[in-house]
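# Summary of the model geometry
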Number of protein chains: 2
Amino acid sequence: MSQSVMVDGNEAAASVAHRLNEVIAIYPITPASPMGELSDAWSAAGRRNIFGTVPSVIEMQSEAGAAGTVHGALQAGALTTTFTASQGLLLMIPNMFKIAGELTSTVFHVAARSIATHALSIFGDHSDVMATRSTGWAMLCAASVQEAHDFALVAHAATLEARVPFLHFFDGFRTSHEINLIEELSDDDLRAMLPMDLVQAHRERALSPDRPVLRGSAQNPDVFFQAREAANSFYDATPDIVQQYFDRFAELTGRQYGIFEYVGADDAERVIVVMGSGIGAVEEAVQHLVASGEKVGLVKVRLYRPLDVKRFLETLPDTVQRIAVLDRTKEPGAVGEPLYQDVVAALAESDSARPVRPHVIGGRFGLSSKEFTPAMAEAVFAELRNPTPKRHFTIGIKDDVTHLSLDWDADAFREPADVRRAVFYGLGSDGTVGANKNSVKIVGENTPLFAQGYFVYDSKKAGAVTISHLRFSPRPIHSTYLINRADFVACHQFQFLETRDVLDVAETGATFLLNAPYETDEVWSRLPLEVQQQIIDKELKFYVVDALRLAGELGLGTRINTVMQTCFFALAEILPREESIAHIKQAIQKTYGKRGDVVVQKNCAAVDRAIEAMHQIELPETASSEVRRRPPVPENSPDFVKRVTGLMLAGLGDRLPVSALPVDGTFPTGTAAFEKRSIAHSIPIWDPDICIQCGLCSLVCPHAAIRSKAFPQNSVNGNAPAGFQTLPWTGKDLPDHNMVIQVAPDDCTGCGVCV
Amino acid sequence: MSQSVMVDGNEAAASVAHRLNEVIAIYPITPASPMGELSDAWSAAGRRNIFGTVPSVIEMQSEAGAAGTVHGALQAGALTTTFTASQGLLLMIPNMFKIAGELTSTVFHVAARSIATHALSIFGDHSDVMATRSTGWAMLCAASVQEAHDFALVAHAATLEARVPFLHFFDGFRTSHEINLIEELSDDDLRAMLPMDLVQAHRERALSPDRPVLRGSAQNPDVFFQAREAANSFYDATPDIVQQYFDRFAELTGRQYGIFEYVGADDAERVIVVMGSGIGAVEEAVQHLVASGEKVGLVKVRLYRPLDVKRFLETLPDTVQRIAVLDRTKEPGAVGEPLYQDVVAALAESDSARPVRPHVIGGRFGLSSKEFTPAMAEAVFAELRNPTPKRHFTIGIKDDVTHLSLDWDADAFREPADVRRAVFYGLGSDGTVGANKNSVKIVGENTPLFAQGYFVYDSKKAGAVTISHLRFSPRPIHSTYLINRADFVACHQFQFLETRDVLDVAETGATFLLNAPYETDEVWSRLPLEVQQQIIDKELKFYVVDALRLAGELGLGTRINTVMQTCFFALAEILPREESIAHIKQAIQKTYGKRGDVVVQKNCAAVDRAIEAMHQIELPETASSEVRRRPPVPENSPDFVKRVTGLMLAGLGDRLPVSALPVDGTFPTGTAAFEKRSIAHSIPIWDPDICIQCGLCSLVCPHAAIRSKAFPQNSVNGNAPAGFQTLPWTGKDLPDHNMVIQVAPDDCTGCGVCV
C-alpha cells in the first residue's frame, strides 16, 4: 500500500535516490542542497538502501570533485548519484562527457537554477541543464513534486538498461521547494522497477583486476570518429526504454506518463510546447480555454534528450496550425532557444502527410523563478491567434527596449472558488515558514483535502520578508504559481503594513489576520490610512492578536509562530477546531520534542491561549488614520534608488520594465544607506553609567548599527542636542576627548547579539 | 608594406593577440599550447604590444584559474586574453557566462579540439566550442592560417565596440599546426583597426575606487529576467559591427571577408554549409564540380554567434533546393548537430518569397581530425542529388552499424598537376619534422611559390611515425587535407617498409628517396617483395642514401635530418641547387647557431656531402625479394589485436568500420605485448664478464626491454640453448641460483639510456 505524504521536490527525489544508490558524492548548492543534506543525514542515521547497505555519502571540495568521485565510483561498479544545480552542474561538464562516452549508468538529480551572468541568482530556470545538452546525457524533466519522486525512479531504472546516463531535473524552488501531497513509492515499488540483472551487469562493467579491461585511453584521428559513432544505437534505443519503464511504472502505481504527453482539444489549432513546472500553469489555462470552446492544447515534454522526433510528431494533433514553444532559458546570439529550435527541427523532419506545416514561435519565460501564470499562458495562446505573431517573444515581463514581451491580463484567469488560498507575510527566522510547513502537512496528511505550500524568500535570508502561499483543495493541486487572490491573508509583522502593500493579494471578503503589538482597541488607529481603506473597500474580516506579547508571557521570546498558526486554523476552519489543535500539538511535539519538555509545554500553552488572545475588529465606515504608508526609501534618495531600488524594496520589482535595469549588472554603490527596514522589535540602549569603553558592542553588531566615536570635548560644548549623552574618553591617546556610542534604530534588526 | 611569412595558425593568432593585450592568462593545452608558450617567450624577451608595454603573461594552475584571472583583469580595465581548447575551455564556462553577462570586451583564442568522451583525443573538432554556445559569447571561426591571423584582429576590434566577448576559434592541428604563407599584419595595421576611444571606454568600465560601481550582485525573481533582456540590443548589433570591421579590414589589407560568404554557381541548386577548415576541401570540390557544369555552391560560416538569420538567407542563392549542413561535432540525443539545427531554424524564419523552401540534411565529419577531402565533399553533393537523401549522415568513415555513412570515391578528385606534393615518413624526434618545417619556410619565404606544411603525429610522440605533407604551388594553398597522391615520397626509416605501406601515397612516376643502412648495391635485395613490386609498378625514380652512416661519420649521431633535407631539395628541384643549399645553410645557422659553431659546421658538412652520398637505383624488370612485409602484430595475436590493434599499428586505422570499435571505449588489456616496433638502430648487449649484478640497466630502461631474472641452476642444466649466457647469483638470498639479463630487441627503441 502506498502512503500519501507531504514533501517538497528535493525530498521526493532524494528519497528515491538514497534508496537506490551505494555512493552519493555531494557538494550541496542552492536549491539542490536539501537533497545532499537529507542523504547525508539519512546515512548518518543508518538508513539503508534497498540493497540493505547504508549509502556512503561523500562531501567533496567542489562540484568538480563530486563529479570526479561519481565517475570513479561508477568505474568501481557502485550505483552512484549526485545532486547539484547552476554553476555546480557546469563544473561537472568535463566528467559528464566522459561518463556518457563510456556509456555509464548513473543519474544526476538537478534542481535547475539560473547560471550567474550579469548577476548571480539562486532561483530557478533551465539555463544550467541546457548548458549541458552537448554532453550526451539523457535529460528527463519532472514538472511536479510527485514527478520528481516518480521520475527519479524511472531514471535510475532506465539508465541501467539504456547505459546512457540520465540528468533528472526539476525546477529549482518552484518544484524543489514546493511542498505537495504525493503518493510515496515503497521499497517494494523500487525493487519491482529495478532490474537486478542490469544492476549486476553494471557491476560487471567495473574496472577490476579480476576482469581487467582498458578504459580511458587516448585515440587518434584514425579511429576516434568511428568509436564515437559506435554508441549511436544506445541513444536510438533510449526513448523506447524510458517509455517501457513509464508503462511498467503505470502498471505498478497507476500513474501513467509519456515521453511526450498531450492535453487539450482533440482538434487543437494552437498548441504550447513546454517542459518543467510551467506545465502546471499552461495546463490550467488549456482547461479554462477548452472549456470556453477554444481549440488549444499543450504538449508536455518529459524526455528532452534523446529527443524522439517520431513520438513528438505523433503526440501533436494533425490539426495544429500554430505552435508556441516556451523555453525557461536564454541563449543570447542563438537563432532561438533550445526547445524552440528542437521543435522547429522536428517539424522540418516530418515526413508525414500533415495537412499544414505548423508555424512555430518561441518565447522565454520564468527566468530565475519569474512568475509564470495561467493568465500568461493565455496571453501566449492569444498571440498565436495574431495574424503575424511575434517570432520571438518574452512573457512575464515588460520589455520596453527590444519590445519582445507580450502583454497579459492578470485577471483573465481565476482559480476555482473551492480552492482555499492563504498568504502569510513573515520575517525570515520568525518561524512563519516553519509553522506553515507544519500546517500544510497537517491538512495534507490528515484530511481528504490536498495541500500545497510554497515559500517566497528573499536572498537576504534572516531578517527579510517571507511570503508563504498555501493552497487547500478537494482536487490534486498543480498550480505552479503564486496565489494572486487569497481568501486568507496573515501579516505576522505589523511594520510591513507601513511600507508594503500586504493586502493587495486579498480578495473581497477575505479574512485578514494581523499580529499587532498594540491593545485591540488601539490597532485600527495605528494602521496606515491606505490599509484602513483597503480593509473597508474589500470588506475584509479583520482579526488581530498581539502574538509577541503572548509569546513573551509564555517565555517563547519572539517566536510567535505557534500563536499565529493556531489563529490561522481557528479562522480558516479547514479542520474542526479541536482536531486542528490536536494536530498542532502533535507537530509541536515532533518539532520541539528534542529540545525538552519545557519548550513543548510552552508552545502547547501558546496554542491554548492563542484563540482567546485574538479579537475581531469591527470596521468603521470610513478610513481616518493619520498614519500614512511610508515610501520604502526616503524622498531625498538618488534618482536610481527611488526609481529602481525603492520599488524592489517595496516588493514591486516585478513591475520594473527592462529599461529600468542596467544592461550589464552594474549598479550604483552606497544604496543600502537608503534602505531603512525598521524591523527591530527591541533595540539596545547605551547606558553610559556602566560603559567601560571596551567597544565590543560595536564590534559584534553584524549590521553595523552600533557605532562608537571619539571627538574633541569642545566640539560638543553647548552645541549638543538635549539628552545627548557622552563619556570622557579614557584612553591616553586622545586627551580632552569624549566618546559616544549610538544605535541606528532603523538599521538595527533586534537580533540581540550585542546583549 | 606587409610582409609574407610562413607561420602556423597558432603563431598567426598569437602574434596579433600578444600585440593587442596587456594581460594574458594561460594554462597551455594541446593544440593551443604554442599560443601561450609563444606569448610567454615573447614577453620574457621583452616584446611589446602596440601600446608600448610588455604584456603580463600569467600561468595559472588550470584553465579555471586562467579564466578567473581573465575575468578579474578585465574588471580592472586591462585588455586581456587567453588561449585554450577542449576540457580547458569547459573549465572556463562558468566565468564565460559571467564575462558575457557583464558585457565585457575580450577575446579567447581557441584551437578547437575534441572533448574526451569514450577516449581522450588531442585532435581537432568543434565539440569544445559548441559546448560553450549557451554562454552568450560571439563566435568567430577562422578557416585558414591567414584567417586565424586576420580574424584575431577583427575579433579584438569588434569586441571593444560590441561589448559582447568573442570566442575566436580555428581547427586544432589542421589550422593551428599547419604552416602556410600569410600576409603579416603590421603594428600599424593593428593600430588602424583598434579604436582607441573604445579602448578608453573599456578602461573606464573598470571597477575602481575612483569611480565606484557595484558589479557581480545577486538578483531575485523580481528583476533578473528584465535585466537579462536588457542586453538584447548588444547582441542585435554585433553582426553589423563585425561586418563593418571586416569591411574596414578589407580597405586596409585588400582581404574582404563576410559574416557568411557564398562561392559557387550563381544558380546553385545544391549547397553545403560549413565552417572551419572543412571550407578548404569543400571549396575545391565546388570549383571542380562547377567547372563540370554542376549547380553547386558553398556557404562559409564565419560569425557563428550571434547568428544573423537575415544575412544567412541573403547569402543563400534563391535557386537552392537542397542543403547539406556539415557539423564537425556530435551531440548524441539531439535532433541534429548545432549548425544543422541553426540552418533549419533560419530557413523556417525566412519570410521572403523564396521559390522553394530548401530541404536540409545534416552530416558529421572530421571528428578528432578525421580526414575530410574534396572527394568526400563531392560525395555529399552526390547525396544531395539522391531523391531521398539521408536526413542525417556521416562522411569520412564506414558506419556498418547504424549505416549513416556516405560512401565516397577517393579518386573522384585530383589535385592540379602543377601543385608539387611531397610526403616524408620519419620517426618522432629524428628531426624529420623540424627539417621539413625549414623546407617549407625556405620555399615560401624565398621563392614565388606558395608553400604549405602539415605534420601528422601519433600521440605516442617520440619513437612513433611522423608523416610530413608538403605542398608547393604557384597559387595560394587552401587544401585542408592530407596528400593522397604524392610526386615525392621520402622514407627516413628503412624499417617502416617492413610493416607499413609507405608507397601507397606515391603516384606513378614519383620520386622515392629512401634512407637505407646498407651499401647501395645491397638495398634492392633488402626491400620486401611488396615494396619492390610497387616501385616497379609505379615506375618510381628510386634514390637511396645511407644517411645514418654519413651522420655518424660527421659526428651528428642519429640526426639524419640535414642529409635528408639536402637530398630532397636536390631531387625535387623546386629551387636551383646552389640556391637551395645556401638556404639550407642559412636555416642551419638559425636553428643550431646557439649550440655553437661546431654543430653548425658539422651540419653544413652534411649538406655538402649528402648529394654525393645519394645514389639512384636502376630498377629490375621484376620483383624478386625473399623478404616479405611482416604483419604489424604476430600471427598468434588475439583476435581483437589482429583485427583492430594490428590495423591501427599498420597506419590503417582509418579503414576500420564502426563495428570494429568498442561502443564505450573499453579495450582489452595487454595488447602492447603484441606490438613489436623494432625501431632501434642499435641495442645494448649484455657482457657477463663485467656485470656486477647491480640491476641498474633493467631499472633505467624506460621501455622495460631489459629484464633480469634469477633461477635455480638446475633448471637450465643441459636444457639451455647454445650460447645462452648466465652468471652465478651473487646474492646470499638465493643459493644455487644463476641470473641472466636479456634484451628484447623488438621492444628496445635504442634510446641509449642504459649505456
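The residue count restarts for each chain, going from 1 along the sequence in the order it is written. In the order they appear in the text, chains get letters beginning with A and ligands get numbers beginning with 1. In view of the model being predicted, local features appear only for residues whose pLDDT reaches at least 70, and side-chain atom pairs are presented and counted only at 80 or more, with totals across whole chains, interfaces and linings using the full set of residues. The basis for every side-chain value is the complete set of non-hydrogen atoms in the structure, without hydrogens or water.

## Section: the overall build of chain A
Counting secondary structure elements, chain A contains 25 helices and 28 strands. The globule rule used for comparison is 2.2 Å times the number of residues to the exponent 0.38, while the radius of gyration itself is calculated over C-alpha atoms. For a compact globule of 755 residues, the expected C-alpha radius of gyration is about 27 Å, and chain A comes in at 29 Å, within 12% of that figure. Expressed along its principal axes, the backbone C-alpha trace of chain A runs to roughly 90 × 65 × 55 Å. Any two residues whose heavy atoms approach within 4.5 Å at even a single point are treated as in contact. Relative to all contacts within chain A whose residues are 6 or more apart in sequence, the contacts with residues 24 or more apart total 77%. Counting every atom, chain A has about 28,200 Å² of accessible surface; 51% of that belongs to carbon and sulfur. Neither His nor the chain ends contribute to the count of charged residues, in which Lys and Arg are positive and Asp and Glu negative. Charge coordinates come from a single atom per side chain, which is NZ of Lys, CZ of Arg, CG of Asp or CD of Glu. Distance between charge centroids for chain A: 2 Å, based on 68 positive and 91 negative side chains. Helix numbers and strand numbers start at the N terminus; a helix is a DSSP run of H or I with at least 4 residues, a strand a run of E with at least 2. The Shrake-Rupley method, run with a 1.4 Å probe, gives the accessible areas here. Residue values count only the displayed protein chains as cover.

## Quick notes on the pairing of strand S4 (residues 80–84) of chain B
All names here are of chain B. Exposure classes here rest on a 1.4 Å probe applied to the protein chains alone. A residue is buried below 20% of its type maximum, exposed above 50%, and partly exposed in between. Among the five residues in S4, five count as buried, and that is most of the element. Pairing between two strands is assigned when DSSP locates at least 2 bridges connecting them. Pairing of strand S2 (residues 23–26) with S4, which is carried by two bridges, proceeds in the parallel orientation. Within S4, the residue paired with Ile24 across the bridge is Thr81. By the bridge criterion, four bridges tie S4 to strand S5 (residues 107–112) in an arrangement that is parallel. By the bridge assignment for S5, Thr82 is matched with Phe108.

## Some words on the sheet that holds strand S19 (residues 450–456) of chain A
Two strands in a sheet stick together by hydrogen bonds in their backbones, pointing the same way (parallel) or opposite ways (antiparallel). Residues and elements named next belong to chain A. Strand order in the open sheet made by the nine strands is S1-S8-S19-S20-S18-S21-S22-S23-S24, with mixed pairing throughout. Lying at the two open borders of the sheet, with one neighbouring strand each, are strand S1 (3–8) and strand S24 (614–617). For this sheet, the mean angle separating the axes of adjacent strands, direction not counted, is 25°. Here five bridges tie strand S22 (residues 506–515) to strand S23 (residues 541–545), and the two strands are oriented parallel to one another. What sits directly across from Asn515, in S23, is Val545. Strands S1 and strand S8 (179–184) of the sheet are contacted by helix H7 (residues 145–162), whose axis makes an angle of about 40° with S8. Helix axes are fitted to C-alpha atoms over the stretch in contact, other axes to C-alpha atoms as well, and angles between N-to-C directions run from 0 to 180 degrees.

## Considerations on the relation of the copies chain A and chain B
Here the copies are matched by least squares. The fit uses the C-alpha atoms of residues with pLDDT of at least 70 in both. For the match of chain A to chain B, the screw axis carries a shift of 0.0 Å, the RMSD comes to 0.3 Å, and the turn is 180°. Overall, the copies show the geometry of a two-fold rotation axis. Comparing contact sets, 100% of the residues at the interface of chain A also lie at the interface in chain B, consistent with an isologous, same-surface contact.

## Focus on the interface of chain A and chain B
Residue-level contacts link 102 residues of chain A with 102 residues of chain B. The term buried area refers to how much accessible surface (probe radius 1.4 Å) is lost by two components on association, counted for both of them together. Regarding the contact of chain A and chain B, the summed buried area is about 9,100 Å², with carbon and sulfur atoms giving 59% of it. Salt bridge, as applied in this entry: a Lys or Arg side-chain nitrogen positioned within 4 Å of an Asp or Glu carboxyl oxygen. There are six salt bridges connecting chain A and chain B. Across the pair Lys330(A) and Glu229(B) runs a salt bridge, and its minimum N-O distance is 3.3 Å. Here the element with the most residues in the side of chain A that touches chain B is helix H14 (residues 338–348) of chain A; it accounts for seven residues. Amino acid classes used here: Ala, Val, Leu, Ile, Met, Phe, Trp, Tyr, Cys and Pro are nonpolar; Asp, Glu, Lys and Arg are charged; the rest, including Gly, are polar. Tallied by class, residues from the side of chain A that touches chain B come to 52 nonpolar, 27 polar and 23 charged. Inspection of the sheet shows strand S9 (residues 213–214) of chain A paired to strand S25 (residues 667–668) of chain B by two bridges, in the antiparallel sense. Its bridge partner being in S25(B), Val213(A) is matched across the sheet by Pro668(B).

## Considerations on the pattern of salt bridges
Residue and element names in this part refer to chain B. Under the counting rule described, the total for this entry stands at 74 salt bridges over all chains. Between Glu331 and Arg133 there is a salt bridge whose closest N-O contact spans 2.8 Å. Highlighted residues: Glu331 in the loop between strand S14 (322–327) and helix H14 (338–348) and Arg133 in the loop between helix H6 (127–130) and strand S6 (138–141), separated in sequence by 198 residues. Take Glu331 and Arg133: they sit in the same class, and that class is buried. Where Arg485 meets Asp411, a salt bridge forms, and the shortest distance between an N and an O atom there is 3.7 Å. Of this pair, Arg485 sits in the loop between strand S20 (465–473) and strand S21 (486–491) while Asp411 is found in the loop between strand S17 (405–406) and strand S18 (420–427), placing the two residues 74 residues apart along the sequence. A relative accessible area of 42% places Asp411 in the partly exposed class.

## Here we look at the packing of H14(A) against H14(B)
Running from amino to carboxyl end, H14(A) crosses H14(B) at an angle of 80°, the nearest separation of the two axes being 9 Å. For the element pair H14(A) / H14(B), the angle class is roughly perpendicular. On H14(B), the residues touching Gln341(A), Asp342(A), Val344(A), Ala345(A) and Ala348(A) of H14(A) are Gln341(B), Asp342(B), Val344(B), Ala345(B) and Ala348(B). Looking at side-chain class alone, the contact of H14(A) with H14(B) contains six nonpolar, two polar and two charged residues. The labels follow the angle: roughly parallel below 35 degrees, roughly antiparallel above 145, roughly perpendicular from 65 to 115, and oblique for the rest.

## Here we look at the nonpolar core
In terms of nonpolar packing, the biggest core is built from 201 residues, with Phe166(A), Val273(A), Phe166(B) and Val273(B) touching the most fellow members. Here the element with the most residues in this core is helix H7 (residues 145–162) of chain B; it accounts for 11 residues. Not counting residues within four places of it along the chain, the set of residues in contact with Val273(B) comprises Val299(B), Val301(B), Phe312(B), Ile323(B), Ala324(B), Val325(B), Leu326(B), Leu339(B) and Val343(B). Take the buried Ala, Val, Leu, Ile, Met, Phe, Trp, Tyr and Cys residues and link them wherever side-chain atoms come within 4.5 Å; each set so joined is a nonpolar core.

## Quick notes on unusual backbone geometry
Thr30(A) connects to Pro31(A) through a cis peptide bond whose omega is -5°. Topologically, Pro31(A) is positioned in the loop between strand S2 (23–26) and helix H2 (33–44). In this structure, Ser368(A) is a non-glycine residue whose phi angle is positive, near 50°. Residue position: Ser368(A) is located in the loop between strand S15 (359–365) and helix H15 (374–385). Look at Gln693(B): it is not a glycine, yet its phi comes out positive at around 60°. Relative to the elements of secondary structure, Gln693(B) occurs in the loop between S25 and helix H25 (696–700). Exposure remark for Gln693(B): the relative accessible area of 16% places this residue in the buried category.

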